[in-house]
Amino acid sequence: MDMKRFEYLLDLHGADFARWAPDDAALAQILVDADPAARALRQRAQALDTLLSAPEAEAMPEALKRRIMAALNDAPVAARPINDNYPARRVRMLRALSYGGMALAASVVLFALAFTAGGMNQSVTSPGSPGAGPQQMAASTQVDLFLLAMADPLFDEAEDAPALMPARTPDGAVIDLFLQSVEERYMGMTTEDL
Amino acid sequence: MHHMTEPTPVKQAGDATESDETLIGRVATGDRRAFARFMDRHGDFIYATAVRLTGNRADAQDAVQDTFLRVWRNAGSWRPDGGAAVRTWLYRIAHNVCIDMLRKRRPQNVLSETIDSGVATDSAVQEQETKAAVTNALRQLPERQRAVLVLCHYQGLSNAEAATMIGTTVKGVESLLIRARRQMRDILKPLHNGL
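Residues numbered from 1 in each chain as written. Chains lettered and ligands numbered in written order. Predicted model: local features only at pLDDT ≥ 70, side-chain atom pairs only at ≥ 80, totals over all residues. Heavy atoms only, no water.

A. Region of interest: the overall build of chain A. Of the regular secondary structure elements, chain A holds nine helices and zero strands. Along chain A, helices and strands appear, N-terminal first, in the series α-α-α-α-α-α-α-α-α. Sorting the 194 residues of chain A into buried and exposed places 40% on the buried side. A separation threshold of at least 6 residues defines the contact pool for chain A, and within that pool the share at least 24 residues apart is 64%. (Helix = DSSP H or I, 4+ residues; strand = E, 2+ residues; numbered from the N terminus. Buried < 20%, exposed > 50% of the residue type's maximum accessible area, 1.4 Å probe, protein only. Contact = heavy atoms within 4.5 Å.)

B. Summary view of a nonpolar patch on the surface. Together, Met-1, Leu-27 and Ile-30 of chain A make up an exposed nonpolar region whose accessible area comes to about 260 Å². Considering the arrangement of structural elements, one finds Met-1 of chain A in the segment before helix H1 (3-13). (Patch = residues over 30% accessible without salt bridge, like charges linked within 9 Å, V, L, I, M, F, W, Y side chains within 5 Å. Areas by Shrake-Rupley, 256 points an atom, 1.4 Å probe, with all protein chains shown as cover. Salt bridge = Lys/Arg side-chain N within 4 Å of Asp/Glu carboxyl O.)

C. Representation of the pattern of salt bridges in the model. Residues and elements named next belong to chain B. Scanning the model with the defined rule gives 15 salt bridges over all chains in all. The residue Arg-87 makes a salt bridge to Glu-161 at a minimum N-O spacing of 2.7 Å. One end of the pair, Arg-87, is in helix H4 (residues 86-104); the other, Glu-161, is in helix H8 (residues 159-166), with 74 residues separating them in the sequence. Given a relative accessible area of 33%, Glu-161 falls into the partly exposed group.

D. The packing of helix H6 (residues 123-140) of chain B against helix H7 (residues 143-154) of chain B, seen in detail. All names here are of chain B. One way to put it is that H6 packs onto H7 with a least axis distance of 8 Å and a crossing angle of 135°. Taken as axis vectors, H6 and H7 run oblique relative to one another. Along the contact surface, H6 presents Val-134, Leu-138 and Arg-139, while H7 presents Arg-146, Leu-149, Val-150 and Tyr-154. Considered class by class, the residues forming the contact of H6 with H7 number five nonpolar, no polar and two charged. (Axes fitted to C-alpha atoms, helices over the stretch in contact; angles between N-to-C directions. Parallel < 35°, antiparallel > 145°, perpendicular 65-115°, else oblique. Nonpolar A, V, L, I, M, F, W, Y, C, P; charged D, E, K, R; others polar.)

E. Representation of the confidence of the model for chain A in the model. Here chain A averages 67 in pLDDT, and 38% of its residues register 70 or above. Segment residues 79-103 of chain A is flagged for pLDDT under 50; beyond a separation of four residues in sequence, or across chains, it makes 39 contacts in the model. (pLDDT = per-residue confidence, 0-100.)

F. Spotlight on the confidence of the model for chain B. Residues and elements named next belong to chain B. Across chain B, the average pLDDT comes to 80, with 81% of residues at or above 70. Every residue in residues 1-14 scores below 50 in pLDDT, and together they form 22 contacts with partners more than four places removed in sequence or on other chains. Between residues 109-120, whose pLDDT stays under 50, and residues either more than four places distant or in other chains, the model counts 14 contacts. At the level of chain-chain contacts, confidence expressed as ipTM amounts to 0.75, with global pTM at 0.60.

G. Spatial organisation of helix H9 (residues 170-188) of chain B. With 19 residues, H9 of chain B extends 27 Å from end C-alpha to end C-alpha; this agrees with the ideal 27 Å at 1.5 Å per step. Among the 19 residues of H9 of chain B, 15 are classified as buried, and the element is accordingly described as predominantly covered. (Expected span 1.5 Å × (residues − 1).)

H. Spatial organisation of helix H1 (residues 20-28) of chain B. Residues and elements named next belong to chain B. Looking at H1, one finds that the buried residues are Asp-20, Leu-23, Ile-24, Arg-26 and Val-27. Seen end-on, H1 carries its buried residues on one side only, within an arc spanning 160°. Structurally, H1 contributes buried residues whose contacts are with helix H2 (32-54), helix H3 (57-74) and H4. Gly-30 sits one or two positions beyond H1 and adopts a positive phi of about 90°. (Arc of directions from axis to C-beta.)

I. Examining the packing of H7 of chain B against H9 of chain B more closely. Residues and elements named next belong to chain B. At their nearest, the axes of H7 and H9 sit 8 Å apart, and the two run at 95° to each other. Viewed along their axes, H7 and H9 adopt a mutual orientation that is roughly perpendicular. The segment H7 lies against H9, with Arg-144, Gln-145, Val-148, Leu-149, Cys-152 and His-153 engaging Val-173, Leu-176, Leu-177, Arg-179, Ala-180, Arg-181, Gln-183 and Met-184. When the residues that make up the contact of H7 with H9 are grouped by side-chain class, the tally is eight nonpolar, three polar and three charged.

J. A look at the environment of Asn-74 of chain B. Checked against the element boundaries, Asn-74 of chain B lands in helix H3. Separated by 46 residues in the primary sequence, Asn-74 of chain B and Ala-28 of chain B have C-alpha atoms spaced 7.3 Å apart.

K. Seen up close, the nonpolar core. Core analysis: the largest hydrophobic core is formed by 82 residues, its most contacted members being Phe-6 and Ile-68 of chain A together with Phe-35, Val-64, Phe-68, Met-184 and Leu-188 of chain B. Looking at this core, the element that brings in the most residues is H2 of chain B, giving 10 residues. (Core = buried A, V, L, I, M, F, W, Y, C linked by side-chain atoms within 4.5 Å.)

So, in structure tokens, the structure goes:
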């Protein structure tokens with residue numbers, strides 16, 4: 001395990017190796033035992049863990065429960081649907097689009113590269129909606145997802161992220177892998193999440 | 001008119017193990033006792049989450065009330081087949097309510113209250129200041145970063161559970177978690193030399 005990977009995992013799981021995958025924890029322990037810089041990074045993560053634990057959990061006040069029970073009289077039961085499966089629906093839709101063809105993927109890459117070369121706007125907007133303005137919109141198209149990936153300094157740190165360069169070649173298989181990874185990582189995000 | 005159905009006879013022995021699905025089915029018929037039990041079961045989780053997401057108790061209480069009243073009104077729309085688990089469905093409602101509330105009240109800026117709060121000599125005061133600073137730092141995170149930090153770090157959910165609750169993937173949660181911790185570290189640096 002190198003230092004970059006160690007720092008990535010510290011930021012992901014915190015300093016307590018019990019929360020890490022066993023294999024990663026074992027490698028991390030070896031690194032910490034051998035390298036003072038690794039120990040310092042872990043101590044920094046421990047300090048953050050300690051600070052984050054400051055606001056303890058509070059139980060729901062009984063008075064609030066009583067208030068809610070009393071409010072039921074004014075809240076008629078009605079089987080009105082709540083749109084809670086919206087993200088899943090979007091993922092399915094994007095999946096259908098994602099693997100629609102190599103030509104589409106290649107054109108998206110070219111579009112994204114051209115867009116990036118011209119400067120990344122701080123907002124991700126959906127293509128085809130020029131009036132959308134600067135407001136934050138969740139990434140839902142391949143172009144959105146590419147732009148988010150390219151704007152994200154963290155993307156290169158993720159060990160499992162396919163390299164960006166091969167995805168720019170006309171090699172369809174590699175592009176598909178890249179699309180899949182980008183979709184998993186950025187679906188529904190906005191630049192505000194970066 | 002709301003249902004004024006009297007609670008159905010309660011299975012005293014089986015109460016503790018009555019599933020969420022069963023409870024929510026009874027809530028859909030207007031069973032107040034089932035609703036109360038459902039709220040007892042999930043209230044602490046939703047309240048603690050709301051306090052951390054909104055950053056203050058007053059907003060959290062309003063959000064929790066709104067959440068459970070939505071559950072009461074919409075229990076009939078939850079479907080066991082192929083739908084989200086009840087807890088996931090409940091959390092999504094709570095999350096949306098909290099986020100809506102925060103968006104309406106976004107102009108608030110409480111950072112200066114904590115970071116510039118002066119030198120505390122009394123340890124209790126210092127502890128309170130630390131809590132306030134962490135709470136305010138949480139409020140400064142983007143919504144989804146805050147949500148995954150609350151769910152995974154504070155509420156102890158797995159990344160997979162958190163992903164389901166906020167409608168993203170495990171990799172998306174990991175990415176948000178890393179950003180959240182890094183941003184918290186940056187915000188809290190003035191408080192702690194070791195960060």
